[in-house]
Each structure stands twice: as structure tokens, then as C-alpha cells.
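Analysis of the macromolecular model
Residue-level listing of the chains:
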Amino acid sequence: MGLSQVSGKILYSVTGLSRSDIAAIARARALQFSTNTQSPVKPEIDVDCSVIAYDFIRSRKSAAPAVADFLNEWALTGVIVNPCLDPPNKRPVCKQASIDRKSKCEKARIRSLTIRKEIRALSKKIEHERLDEEERVGLLKKLKKLESSCMAKEKHSTAVLSPTFPLSLKEALVGIGAND
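We now turn to the structure provided with this report. (Residues numbered from 1 in each chain as written. Predicted model: local features only at pLDDT ≥ 70, side-chain atom pairs only at ≥ 80, totals over all residues. Heavy atoms only, no water.)

Description of the pattern of salt bridges
- Counted under the stated rule, the structure contains two salt bridges.
- We note a salt bridge from E73 to R19, for which the minimum N-O separation is 3.0 Å. Of the two residues, E73 sits in helix 3 (residues 63-75) while R19 sits in helix 1 (residues 19-33), which places them 54 residues apart along the sequence.
- By relative accessible area, which is 37% here, E73 ends up partly exposed.
- Residue R111 is joined to E118 by a salt bridge in which the shortest nitrogen-to-oxygen separation is 3.6 Å.
- Classification of E118 as partly exposed rests on a relative accessible area of 33%. (Salt bridge = Lys/Arg side-chain N within 4 Å of Asp/Glu carboxyl O. Helix = DSSP H or I, 4+ residues; strand = E, 2+ residues; numbered from the N terminus. Buried < 20%, exposed > 50% of the residue type's maximum accessible area, 1.4 Å probe, protein only.)

And the structure:
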């Protein structure tokens, strides 16, 4: 859940911390509340891999290796990372973010269709009407901008995790030498 949804409940926020800084803070907090002083304390973090994967879906890299690298980067700071996954065929109903994501995807799909219509109209206008050079250049710039926007909307409308994501993530984690 992003901070924008609960911003009224947040007293303060800290930005600009590295993973190492956060790991050091977590170790200090774990040591503060630990009853066992004999062994070194390693804090644990649980990571919802389905949520993290959606951040990597739009990147050029496949989601499973990207999530595995993300988890590995946190593990290298000295914290124990516990990856959590949703059941393979169903996300829990309590994850309201998935409802928002679906509605945003549908809005993006609809917007991409309307942009496509504008692109077709502009293309016909450029092709069939007599235009002076300045007007033609302006329309070509607008056409290029619309095509870029349309591609982004179409990509956003199809942002879904593969059904094989849990298996791919497990293989990627094994590939980087992560423990079970």
C-alpha cells in the first residue's frame, strides 16, 4: 500500500535512506527487543513478491529474475528475507490494490482505443488534405506524441503477472543461490 492512501495517518517520513541504513536500523531495533543476547540478531522482513513484481512488469526485464535480484539485494544487507506469494490461481480478496490495478488497466485500455481513433483521424488528415509545411510538422509532432501515449496505455492495460510467476521466481532464486 502506498503512502498516498494513508498519508493522513503518517506522523513523519524519512527519505534518502539506503538499504544498508534500513538494515542497520532493523538490526538495532531487533537487538533492542531481543531476549537472547548470546547469538547475533538478524532481523527478518517479509516481502509480498506479487506486489513487487508489478513494479517490474513494465520494465524490459522479466519479473521473476527482477524480483529475485531485488530480494537478493536486501539479503546482502544482512537481513533475512522471507518471500511471500499469493496462491497460484487467486489473489486474496483483501488486497484492494488489485481492484484499483484492474480498474486502472481497464481505463488505460479504453483510453488507448480513443487515442487509436485520434491517430487514425490525424493520419488520414495528413495523408489526404493539403497542408502547409508548418501545419504538417505540427500534426506530425502531435501524431508521434499520440502514438507514444497509445503504446504506453496499451502496455499498461496488459500488465498482468504470468500464472507461472511463482515457479519462475523459485527458479530464479535457486539460480542466484538463495536458500529455501
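There is more to say, and it comes next.
Notes on the environment of D86
- Here D86 lies in the loop between strand 2 (80-84) and helix 4 (96-128).
- By relative accessible area, which is 11% here, D86 ends up buried.
- Between the alpha carbons of D86 and V51 there is a distance of 9.6 Å; along the sequence they are 35 residues apart.

Focus on the environment of P65
- For P65, the location among the structural elements is in helix 3.
- In the structure, P65 is positioned 12 residues away from A53 in sequence and 9.7 Å away in space, judged by C-alpha atoms.

Quick look at a negative patch on the surface
- Taken together, E129, D132, E133, E134 and E135 make up a surface patch of like negative charges.
- Secondary-structure assignment places E133 in helix 5 (residues 133-157).
- Under the relative-accessibility criterion, E133 is labelled exposed at 56%. (Patch = residues over 30% accessible without salt bridge, like charges linked within 9 Å, V, L, I, M, F, W, Y side chains within 5 Å. Areas by Shrake-Rupley, 256 points an atom, 1.4 Å probe, with all protein chains shown as cover. Lys, Arg positive; Asp, Glu negative; His and termini not counted. Charge placed at Lys NZ, Arg CZ, Asp CG, Glu CD.)

Thoughts on helix 3
- Counted at 1.5 Å a residue, the expected span for helix 3 with its 13 residues is 18 Å, and the 18 Å between its end C-alpha atoms agrees.
- Three or more residues of helix 3 are buried, namely A63, A64, A66, V67, A68, F70, L71 and W74.
- Close packing links the buried residues of helix 3 with helix 1, strand 1 (44-48), helix 2 (49-57), strand 2 and helix 6 (165-175). (Expected span 1.5 Å × (residues − 1). Contact = heavy atoms within 4.5 Å.)

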